[in-house]
Amino acid sequence: MTDIATYNFAYLDEQTKRMIRRAILKGIAIPGYQVPFASREMPMPYGWGTGGVQVTASIIGPDDVLKVIDQGADDTTNAVSIRAFFKKVANVAVTTDTASATIIQTRHRIPEHPLNAGQILVYQVPIPEPLRFLEPRETETRKMHALEEYGLMHVKLYEDIARHGRIATTYAYPVKVEGRYVMDPSPTPKFDNPKMHRSPALQLFGAGREKRIYAVPPFTDVVSLDFEDHPFEVQTFDQPCALCAAENVYLDEVILDDRGGHMFVCSDTDHCEKRREEGHRGHLAPDAQLALERTEPAE
Amino acid sequence: METQAIEGGFADPVFNAQTVFRAVMDAMARPGSVQPLPALARPPAPLSATSGAVALALCDNDTPLWLDPALQAEAPVRSWLGFHTGAPLANTPADAHFAIIARPAEMMALDGFSQGTQEYPDRSTTLILVVSDLASGVPLLLEGPGIEKMAMLAPAEMPRHFIEQWKQNSQRFPRGVDIILAAPDGVACLPRTTRIKTMEA
């Protein structure tokens, strides 16, 4: 503990934590409603997850185990720096293992491994207002939420269909929470939307620059908006992960060379590593290649 | 009286506040569940240890606080809360961000507290009810967000006509009050989304 004495535990002062904690309680009590809060400057720029960091700092305790992911990966810049931040200011245990984390702070993905009842998922949110690109005025969007007037959102989805023949929105796909508030699930791929529906984990959303906190309690209905004749669909991939052969997971495209070579791999690095430890091999896994080379001459 | 006001706060303010908040947050996220809480504060009676700890964890000079007549009458309670939280006392229940009610059975109607507005439903009063236990009262069957199928809670000494009042509270959604039930050994919550199913005899 002595090495963190220069900061208050978890960086924020106690009055700030109380203010954020009160906002979190209101958010949980009104699922999907964006609670305004007095977002603080953090030692990182807006856009780097200051909202998520403030939420995590307000809920974390010395017994928590923290996992941080950035687009599913534990080892990219944003995830590494936020993990290091909490290690320094709160001295908490950190992990990359989804199952053993108590708090998972995420930028734009929900882990593939199903979450359990004790876990808290903290989302970093850039633009919390799902109606913002349809109506720039906060006074108006607030009124639209108050009156449950979400026709504009359906018009937007309809225009997608008119132009592209299908709903072309692929991320930040709007959802309706508990039949009342339309909510931005943060820019997660719509692939992850069904995981939010009646999840046993508590989901908290923090938008630092926009100064909003919202929440989805466990076992809460989260329904993606759609039409009867154009039902909601998630992305599908025509090939499994090139490293671990996982199917029905969200894949990232990785460019391999300047001649058009590419592969699709799990976006969730922890899930991919666990599968490879279990012996699953995709067609581009390093040792699968070796095995292939060893057998090839015999043919 | 002076020492009574100063003693009995959190021994370890940062970590005790976090412990109490996490218990309240888990209770709010899982209505009907009882989150155990050790006695971290020693407030003067009739404020209970749990309700005092919840007030210390959540209230400060930004949150006008309303006390029910039983608490309002006790100068040590007022000065203890004032010293440890700095929260101003609300002039009327409709101005309060938090209200602590030591005798829920005698409390005023829920709609007398701030309900928030349609635009800002978060600007409502959160009620902290001091109850002697969560098992000996009228059983309440709960459903709604945070509850997988059904939950049951039987808090003692609840307000009069509580089930009817709570139904009206739900009808005001997204406006409405939220309730934190402070029992001697833990907390449970009834956020405004929780519906009480009336039990057939």
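**Concerning the overall build of chain B**
Reasoning step 1: The helix and strand tally for chain B stands at 6 helices and 9 strands.
Reasoning step 2: On C-alpha atoms alone, chain B measures out to a radius of gyration of 16 Å, which is about the 17 Å that the 2.2 N^0.38 rule sets for 201 residues.
Reasoning step 3: C-alpha extents for chain B along the principal axes are approximately 50 × 30 × 30 Å.
Reasoning step 4: For chain B, buried positions account for 53% of its 201 residues.
Reasoning step 5: Sequence-distant contacts in chain B: of pairs separated by 6 or more residues, those separated by 24 or more amount to 70%.

**Some points on the packing of helix H1 (residues 14-29) of chain A against helix H2 (residues 50-59) of chain A**
Residue and element names in this part refer to chain A.
Reasoning step 1: Across the interface, H1 lies against H2 with an axial gap of 9 Å and an inter-helix angle of 100°. If you check the angle between H1 and H2, you find them roughly perpendicular. On H2, the residues that touch Lys17, Ile20, Arg21 and Ile24 of H1 are Gln54, Val55 and Ser58.
Reasoning step 2: Residues of the contact of H1 with H2, tallied by class, amount to 3 nonpolar, 2 polar and 2 charged.

**Digging into the environment of Pro43 of chain B**
All names here are of chain B.
Reasoning step 1: Mapped onto the secondary structure, Pro43 falls in the loop between strand S1 (35-36) and helix H3 (49-58).
Reasoning step 2: We classify Pro43 as buried; it has 26 C-beta atoms within 10 Å.
Reasoning step 3: In sequence terms Pro43 and Gly9 are 34 residues apart; their C-alpha atoms lie 7.3 Å from each other.
Reasoning step 4: Those residues in contact with Pro43 that lie beyond four places of it in its chain are Gly8, Ala49, Gly52, Val77 and Trp80.

**Here's the deal with the sheet that holds strand S9 (residues 212-216) of chain A**
All names here are of chain A.
Reasoning step 1: A sheet is described by the order of its strands in space; here 7 strands give the open sequence S1-S9-S8-S5-S4-S2-S3, paired in mixed fashion. Bordering the open sheet on either side are strand S1 (35-36) and strand S3 (93-94), each of which pairs with just one other strand.
Reasoning step 2: The strands touched by H2 within the sheet are strand S4 (103-107), strand S5 (120-124), strand S8 (202-207) and S9, with S5 carrying the most contacts at an inclination of about 150°.

**Quick word on the nonpolar core**
Note on soluble globular proteins: their nonpolar side chains tend to be buried together.
Reasoning step 1: The biggest cluster of nonpolar side chains holds 119 residues, and the ones touching the most others in it are Val24, Val54, Ile100, Ile128, Leu181 and Val187 of chain B.
Reasoning step 2: Contacts of Ile100 of chain B, omitting those with residues within four sequence positions, involve Leu47, Ser51, Ala55, Leu65, Leu67, Leu71 and Ile128 of chain B.
Reasoning step 3: One finds Cys241, Leu243, Cys244 and Leu251 of chain A within the second-largest nonpolar core, a separate group that totals 12 residues.

**Structural notes on the interface of chain B and chain A**
Reasoning step 1: The interface is formed by 29 residues belonging to chain B together with 30 residues belonging to chain A.
Reasoning step 2: With 12 residues, helix H2 (residues 13-29) of chain B is the single largest residue contributor to the side of chain B that touches chain A.
Reasoning step 3: Each residue belonging to the side of chain B that touches chain A can be placed in one class, and the counts come to 15 nonpolar, 5 polar and 9 charged.

**Things to note about unusual backbone geometry**
Reasoning step 1: In this chain, Ala45 of chain B is followed by Pro46 of chain B through a cis amide linkage whose omega measures 5°.
Reasoning step 2: Position of Pro46 of chain B among the secondary structure elements: in the loop between S1 and H3.
Reasoning step 3: Cis geometry is adopted by the peptide bond preceding Pro174 of chain B, which originates at Phe173 of chain B and carries an omega value of 10°.
Reasoning step 4: Here Pro174 of chain B lies in the loop between helix H6 (162-171) and strand S7 (178-183).
Reasoning step 5: Here the phi dihedral of Ala10 of chain A falls at roughly 65°; this positive angle occurs in a residue that is not glycine.
Reasoning step 6: Note that Ala10 of chain A resides in the segment before H1.
Reasoning step 7: Notably, Asn91 of chain A is not glycine yet its phi reads approximately 55°, a positive angle.

Quick notes on the rules
Residues numbered from 1 in each chain as written. Chains lettered and ligands numbered in written order. Predicted model: local features only at pLDDT ≥ 70, side-chain atom pairs only at ≥ 80, totals over all residues. Helix = DSSP H or I, 4+ residues; strand = E, 2+ residues; numbered from the N terminus. Rg over C-alpha atoms; globule rule 2.2 N^0.38 Å. Buried ≥ 20, exposed ≤ 12 C-beta atoms within 10 Å, placed from the backbone. Contact = placed C-beta atoms within 7 Å. Axes fitted to C-alpha atoms, helices over the stretch in contact; angles between N-to-C directions. Parallel < 35°, antiparallel > 145°, perpendicular 65-115°, else oblique. Nonpolar A, V, L, I, M, F, W, Y, C, P; charged D, E, K, R; others polar. Pairing = 2+ DSSP bridges. Core = buried A, V, L, I, M, F, W, Y, C linked by C-beta atoms within 7 Å.

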